[in-house]
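One-letter residues, chain by chain:
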Amino acid sequence: MPLVPPKAEPFPVVPGNAPVLEHLSPHDLVTYFRCPHEMELHRSQHLSWRTGASLSPRTPPGTAPLPHSPLFPPPVGDPRPVHGRLDVGLQDTLLYQDPDEPGLPFLFPPERSHAHAFLHERSPTLEDRAWGLSGRPDYVIRRPDGHCFPVEYKDTHLFEDYPRHHGRLFDFLQVLAECRLVEATWGVVPVSGMVYYGDTAGGGEREGWVEIPYGGAPRAWLQAALKVIRADLVRAPVPQEGNCTHCEPNRDGLCGYARARFEDVHPSHRGEAPRARRFY
Ligand code: SF4
């Protein structure tokens, strides 16, 4: 499958300025949280695509796999899902909408949308040079009190028992990074961001949204997570079945660890005393 160019490009190097931080995107944060090697394979793929040179991932051959990512989950509590259409008020306005996502639903009438004006003057990719981050939320909305927040749209339905069982934590990570991009672009620290699950099947009965807190501890977690990613000179694989099954580099045959995986050994299945995960 051909490589899709990333929307978020690295910042240009300006001669004489301080060294540019390694460019990261919300997608990098999500893939690193799942498997650092997956992020590294994406990164080297994209660099090769951009430069035309064949660039290898930095992960040394023979690197021992990890049982889980070096990142701990963000301190966002236990955000509860809200059923129904996204809570867009009559006084809310649309500041931004990703122009390269044609499948996004229309949440605002034209008179309450400033997205065209923004895109007329600015790049569609939001940039945060201080934290070396760039990317594109699906929407940015402003409340009448000036509070701005990103919305990440997913065309899947709202799961009742997520995030543990359906990987919705990855959506939360994406929104945290997008909150920072909103902060850097509009100069207002979002109180929260949203994931909007917009599956309209069944007359919209499966639609819903989740509000993810930002500011304070989640914001500090994000800043620390970006430092951890940049300081990681190995980016080891985390070959869990749940990771490898949906991994794009695996689909493209790029990962030498894909067949290796961890297995949960549950004592009730074996009549044995509990033991740690094993690698084979
Ligand atoms: S196939 Fe598995 S181990 Fe390899 S990069 Fe993907 S998620 Fe990581």
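Residues numbered from 1 in each chain as written. Predicted model: local features only at pLDDT ≥ 70, side-chain atom pairs only at ≥ 80, totals over all residues.

K.L.:
So what's going on with the overall build of the protein chain? Residues and values would help.
P.N.:
Looking only at helices and strands, one finds 8 helices and 10 strands in the protein chain. Within the protein chain, the fraction of its 280 residues that count as buried is 34%. Here the analysis covers contacts within the protein chain between residues at least 6 apart in sequence; of these, 64% occur between residues at least 24 apart. (Helix = DSSP H or I, 4+ residues; strand = E, 2+ residues; numbered from the N terminus. Buried ≥ 20, exposed ≤ 12 C-beta atoms within 10 Å, placed from the backbone. Contact = placed C-beta atoms within 7 Å.)

K.L.:
Summarise the sheet that holds strand S2 (residues 93-97); cite the residues concerned and give the values.
P.N.:
Ordered in space as S1-S8-S7-S6-S5-S2, the 6 strands form an open sheet in which the pairing is mixed. Of all strands in the sheet, those with a lone pairing partner are strand S1 (81-83) and S2, marking the two edges. For this sheet, the mean inter-axis angle between neighbouring strands, taken without regard to orientation, is 25°. Looking at chain direction, strand S6 (residues 148-154) and strand S7 (residues 192-197) are connected through 4 bridges and run parallel. Bridged to Glu-152 within S7 is Val-195. The strands that helix H4 (residues 169-186) touches are strand S5 (139-142), S6, S7 and strand S8 (208-213); relative to S6, the one it contacts most, it runs at about 145°. (Pairing = 2+ DSSP bridges. Axes fitted to C-alpha atoms, helices over the stretch in contact; angles between N-to-C directions.)

K.L.:
How would you sum up the pairing of S2? Please name residues and give values.
P.N.:
Summarising burial for S2: 4 of the 5 residues are buried, a large majority. Alignment of S2 against S5, held across 4 bridges, turns out to be antiparallel. Paired with Gln-97 across the two strands is Tyr-139, which belongs to S5.

K.L.:
Please give an account of the nonpolar core that cites residues and values.
P.N.:
When a protein is soluble and globular, its nonpolar side chains tend to lie buried together. Judged by nonpolar contacts, the single largest core of 41 residues is most densely connected at Leu-176, Met-194, Val-195, Tyr-196 and Ile-212. Counting only elements with at least two residues in this core, the list comes to helix H1 (26-34), S2, S5, S6, H4, S7, S8 and helix H5 (217-231). Broken down by element, this core gets its largest block of residues, 8 residues, from H4. Split by domain, the residues of this core number at least three in each of domain 1 (26-72 + 233-279) and domain 2 (81-226). If sequence neighbours within four positions are ignored, Val-195 has contacts with Glu-152, Lys-154, Asp-171, Val-175, Trp-209, Val-210 and Ile-212. In this structure, Cys-35, Leu-41, Cys-244 and Tyr-257 belong to the second largest nonpolar core, which totals 7 residues. (Core = buried A, V, L, I, M, F, W, Y, C linked by C-beta atoms within 7 Å. Domains from an automatic or database assignment.)

K.L.:
Tell me about the environment of Phe-149, residues and numbers included.
P.N.:
Within the secondary structure, Phe-149 is located in strand S6. Since 24 C-beta atoms lie within 10 Å of it, Phe-149 is described here as buried. Spatially, the C-alpha atom of Phe-149 lies 9.6 Å from that of Arg-180, the residues being 31 residues apart in sequence. Contacts of Phe-149, omitting those with residues within four sequence positions, involve Ile-141, Cys-179, Val-182, Pro-190, Ser-192, Gly-193 and Met-194.

K.L.:
Describe the site of the ligand, naming the residues involved and giving the relevant values.
P.N.:
The local shell around the ligand holds 15 residues, among which Cys-35, Cys-244, Cys-247, Asn-250 and Cys-255 are the closest. When residues of the shell around the ligand are traced back to their parent elements, those giving at least two are helix H2 (36-51), helix H6 (241-244) and helix H7 (248-251). A per-class count over the shell around the ligand returns 11 nonpolar, 3 polar and 1 charged. (Near = placed C-beta within 6 Å. Nonpolar A, V, L, I, M, F, W, Y, C, P; charged D, E, K, R; others polar.)

K.L.:
Could you give an account of H2, with specific residues and numbers?
P.N.:
Helix length check: H2, at 16 residues, gives a terminal C-alpha distance of 22 Å against a target of 22 Å (1.5 Å per residue), a fit within 8%. Those residues of H2 that fall on the buried side of the exposure criterion are Pro-36, His-37, Glu-38, Met-39, Glu-40, Leu-41, His-42, Arg-43 and His-46. The elements touched by buried residues of H2 are H1 and H7. The positive-phi residue at the C-terminal boundary of H2 is Gly-52, with phi of around 80°. (Expected span 1.5 Å × (residues − 1).)

K.L.:
So what's going on with the environment of Ser-54? Which residues, and what values?
P.N.:
In this structure, Ser-54 sits in the loop between H2 and S1. Given 8 C-beta atoms within a 10 Å radius, Ser-54 is considered exposed. Taking the C-alpha atoms as reference points, Ser-54 and Ser-44, 10 residues apart in sequence, are found 8.5 Å from one another.

K.L.:
Let's hear about the packing of H1 against H2: which residues, and what values?
P.N.:
Packing of H1 against H2 brings their axes to within 5 Å, and their N-to-C directions diverge by 140°. The angle between the axes of H1 and H2 places the two elements in the oblique class. Contact with H1, carried on its side by Asp-28, Thr-31, Tyr-32 and Arg-34, involves Pro-36, Glu-38, Met-39 and His-42 of H2 and no other residues of that element. Tallied by class, residues from the contact of H1 with H2 come to 3 nonpolar, 2 polar and 3 charged. (Parallel < 35°, antiparallel > 145°, perpendicular 65-115°, else oblique.)

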